[in-house]
Structures are given as structure tokens and as C-alpha cells.
Amino acid sequence: MEFPWKRNLYVLWLGVFFCSTAYSMSIPFMSLFLAHDLGVTKNVALWSGFAFGITFLAGALISPYWGSLADKYGRKPMLLRSGFALCVVYILNSLVQTPLQLIAVRILSGLLAGYVPAAIALVATNTPEKRVGFSLGIMSTAGAAGGIIGPMIGGVVSKFLGYRESFLMAGAVVFISAMIALVFVREQNFDRTKERSHVLDDLKQAKANGPFMRYLGIVMIVTASVMVLEPLLSLYVLDLGAAASDASLSSGIIFSAVGVATVLAAPFWGKIGEKIGYQNTLLIGLLGGALGNMLQLFFHSLAGFGILRFIYGLFFAAVFPALNALIVKTTDPDFRGRAFSLNQSSSQLGNMAGPIAGGALAGYVPIPAVFVLNGVLLAGVAVYMFTSRGRFSKIKRTSVEPAKSLSDRG
């Protein structure tokens, strides 16, 4: 019987979609939750940035352990573990009474999470070789789609019911992801008798692949550039004149604007990448994202901010798909699952550094200045890539199709 890789692909797309929806309907409003429900009145941006970043630090530290267990026992058990654990964590989020309790729950979230990387690894290792790139591209759209729906739902729920209720609803949504994995996912051709890979050996093999390591560095920097703004957007919406009672709803709409732009731009960037190459596509996305951030200095209304974020999303939609495609092209098939695990570790480090840096910067410079600094960072990465094209172009060719769609959050 033919291996049902397409069924796994579509089923796990739904799982990642619900997991991303749960995240984006609650976590982006963390700063408002701290101020409104937990009584934080000073250094809200710093507290928010720390609450964001500590989760990803914990995840970066524990991910090699979960990766070794996945190698030994399979990716489906990791899907179940992380899915049901995240459901409990979201419920605990709704029960916290102090900022320190919130930090503790956020650490627990980082230690127990891992649904999305496990889903991507399962698809990557259970799909016919010639369809791996295509399948990873399809999977990447799930996070973007969840990023559209989640903020809108979270904005409405937090406005009319409350922030705690948005966490409870997120727990219910991620429970659906866990049940999808339990009932529908089939992992085949998994050998539990094989020797477990060692993290140090994986790092040595990755280190020997120069282009791959450079792309991992770009993944970390670009992810940090996205996350440096996330804890600040809700606060900036208040600065632009939104009423406190409408801040979560306005923030949700603006968060969704980037997701909508990403989904709309995906087919365009996929076709462009095939014609001009993914390195060139990545450069365009970086420069467009840089310009979109810098222009924020000149927009001081909610409508202008939303429109600018939408335009930013149209260009930045090119970045993560191009990076995924280039990672596929620079790694051998037998290393590709571990390559995407290392890619996830790079993303987590960026996810950790970004919010903390954003919260710290907001304490010393105006939020529009943070946008400008972020744009300068993206432009710097683009310049480095352009001036070092030789180091990035030494790509070991494989027969794998490049990814054609959007990237996910991690």
C-alpha cells in the first residue's frame, strides 16, 4: 500500500494551523495582560519582553533532549506530548496572579512545547524524497494562516470576555491539535532499534557545511527582528490613540494584517523564487522588510500603521520561504531532519533575544526608533549577503524541490 504521506501532510497542516492560532490569539497580548490583569504599572515593556523571551530560552535549552527522544521513539509521541502539555500550560496562564507566576508558566511552556517542529520533522522524514521541499512549503503556510485568524479571535475574546478567557480558549484550540495527532497521524518506516544521534555529532556535521551555517545565522537574526517588535505593538497601538478598551481588538487587526499580506504574497514569491533564484528572493524580502520598518518613523495614525504593516508583510513574506528552500538545497537528505531541528534552535534563540531586546530598547528610546533600528538590522543582513554571495552560493545540489510557500513561526 502506498505510504499516505499526503494524508499526513494535510492532517498536520491542520494541527499546526490550530497550534499557531492558539499561540497568536493569546500570547501577542501579553503586555496588555500584564498591565490590565496583573497590575504591572512600571517597565511593562521590559516585563513583557522577558515573559516572551524566557520561553524560547527554555525551549532552546531543552530541544536537543526532545530531539534525541524523537529519534528514538518517533515524532508522533512528541506531537502528543507537546500538544496535551501546551493545553495545560494555557490553562495555567489563565490562572496566574502575579508577574513572577506568569514567568514561571512561560518557562514551563518553553520546556514542554515542540508541536510545530515535531510536525515539520515528521513531514520531512515521512515524505518521498522528491516531494520533501513541496511538502515543507505547504506546511509553512499553516503558521501564517493561524497568524491571521488567531489575533482576530484573541482580540474579540479579550475585549468582550477578558484576557484570561483568551488563554482558556487557546487551551481548547491547541487541544484540537493534540487530538488531530492522536487520531489521524500515521508515522511509518520508523526504526526504534537504530542508534540515537548525538547533538555534538550533529553540530560537527553542520559546522562543516558553511552555507548551511550562514543560513542558520540569518534565521536567528531575522526571527529576532520579527520578535523584537511583538511585545511592543500592543503598547504602540495605545500610543497611536487607541482607547484602552479597544487596544486588544485594534492590535489583533494589525497583527492579522501581516498574516493576510503573507498569504496573499506567497504564490507570487514562489514563482519569482523559481525564476530568479532564492538568494535573490531573500535579498528582496530583506530589503523590503527593512524599508517597511524604517518608514514607520513617518506614520503616526492607526490606519497608517496598519497599512504600513500590510505592505511590510507583502515583502517580508519572501524571507522565510526562501530560507527554508535554501536550507533544503544545502543539506543532504539523510541530514535534513536534523537540519530543520537546528533551524528550529536558531529560531528559538532569535525568539528569545528579540522580545528581550525590544523590551529593553523601549525603556530608553521611543518605539518608532525601535522600528528604525530593526530596519537597519535587516538592511545590514541584506548587504552582508550581497557582498558575500560567493560564500552563500556554494550550494550542494540535490534532487529536492525547493519550498514554494510561506514560512512558519517556530
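The sections below set out a description of the structure shown in this document. Computed from a predicted model, the values in this text were never measured in an experiment. (Residues numbered from 1 in each chain as written. Predicted model: local features only at pLDDT ≥ 70, side-chain atom pairs only at ≥ 80, totals over all residues. Heavy atoms only, no water.)

Observations concerning the overall build of the chain
Here comes step 1: Scanning the chain for helices and strands turns up 18 helices and zero strands.
Here comes step 2: Put simply, 87% of the contacts in the chain that link residues at least 6 apart link residues at least 24 apart.
Here comes step 3: Roughly 16700 Å² of accessible area belongs to the chain as shown, and the carbon and sulfur atoms make up 69% of that amount. (Helix = DSSP H or I, 4+ residues; strand = E, 2+ residues; numbered from the N terminus. Contact = heavy atoms within 4.5 Å. Areas by Shrake-Rupley, 256 points an atom, 1.4 Å probe, with all protein chains shown as cover.)

Some details on a nonpolar patch on the surface
Here comes step 1: Together, Val88, Ile91, Leu92, Leu95, Leu108 and Leu168 make up an exposed nonpolar region whose accessible area comes to about 480 Å².
Here comes step 2: Ranked by residues supplied to the nonpolar patch, first place goes to helix α4 (residues 75-95) with four residues.
Here comes step 3: Position of Leu95 relative to the elements: it lies in helix α4. (Patch = residues over 30% accessible without salt bridge, like charges linked within 9 Å, V, L, I, M, F, W, Y side chains within 5 Å. Salt bridge = Lys/Arg side-chain N within 4 Å of Asp/Glu carboxyl O.)

Structural notes on the packing of helix α10 (residues 210-227) against helix α15 (residues 319-330)
Here comes step 1: Look at α10 against α15: their axes get within 10 Å of each other, and the N-to-C directions meet at 160°. One element, α10, and the other, α15, form an angle in the roughly antiparallel class. Once α10 is placed against α15, the crossing between them reads as left-handed. Residues Pro211, Phe212, Tyr215, Ile218, Val219, Val222, Thr223 and Val226 of α10 pack against Val319, Phe320, Leu323, Leu326, Ile327 and Thr330 of α15.
Here comes step 2: Counted by class, the contact of α10 with α15 contains 12 nonpolar, two polar and no charged residues. (Axes fitted to C-alpha atoms, helices over the stretch in contact; angles between N-to-C directions. Parallel < 35°, antiparallel > 145°, perpendicular 65-115°, else oblique. Left-handed = near helix turned anticlockwise from the far one by under 90°. Nonpolar A, V, L, I, M, F, W, Y, C, P; charged D, E, K, R; others polar.)

Digging into helix α3 (residues 44-73)
One turn of the α-helix equals 3.6 residues, which is why residues spaced by three or four share an orientation.
Here comes step 1: End to end, α3 covers 42 Å across 30 residues, agreeing with the expected 44 Å (1.5 Å per residue, within 8%).
Here comes step 2: Along its length, α3 reaches its greatest deviation from straightness, about 45°, at Ile62, and the proline Pro64 lies no more than four positions downstream.
Here comes step 3: Where α3 ends, the next residue or the one after it, Gly74, has phi of about 110°, a positive value. (Expected span 1.5 Å × (residues − 1). Bend = angle between axes of the 7 residues up to and from the residue.)

What to know about the packing of aromatic side chains
Here comes step 1: By the definition in use, this model includes seven aromatic pairs.
Here comes step 2: Measuring from centroid to centroid gives 5.6 Å for Trp13 and Phe17, while their planes differ by 10°, and the two rings are stacked. Of this pair, Trp13 and Phe17 are both found in helix α1 (residues 5-24), four residues apart, which corresponds to roughly one turn of the helix.
Here comes step 3: The buried category is assigned to Phe17, whose relative accessible area is 16%.
Here comes step 4: Here Phe305 and Phe371 contribute two aromatic rings whose centre-to-centre distance is 5.9 Å and whose plane-to-plane angle is 85°, an arrangement assigned as edge-to-face. With Phe305 in helix α14 (residues 302-316) and Phe371 in helix α17 (residues 367-387), the pair connects residues that are 66 residues apart, well separated along the chain. (Phe/Tyr/Trp six-rings, centres within 6.5 Å; stacked < 30°, edge-to-face > 60°. Buried < 20%, exposed > 50% of the residue type's maximum accessible area, 1.4 Å probe, protein only.)

Focus: the pattern of salt bridges
Here comes step 1: Following the criterion strictly, the structure yields one salt bridge and no others.
Here comes step 2: Here Arg164 and Asp37 are joined by a salt bridge, their closest N and O atoms 3.4 Å apart. Of this pair, Arg164 sits in helix α8 (residues 163-184) while Asp37 sits in the loop between α2 (30-36) and α3, placing them 127 residues apart in sequence.

Any functional reading would require information beyond the geometric quantities listed.
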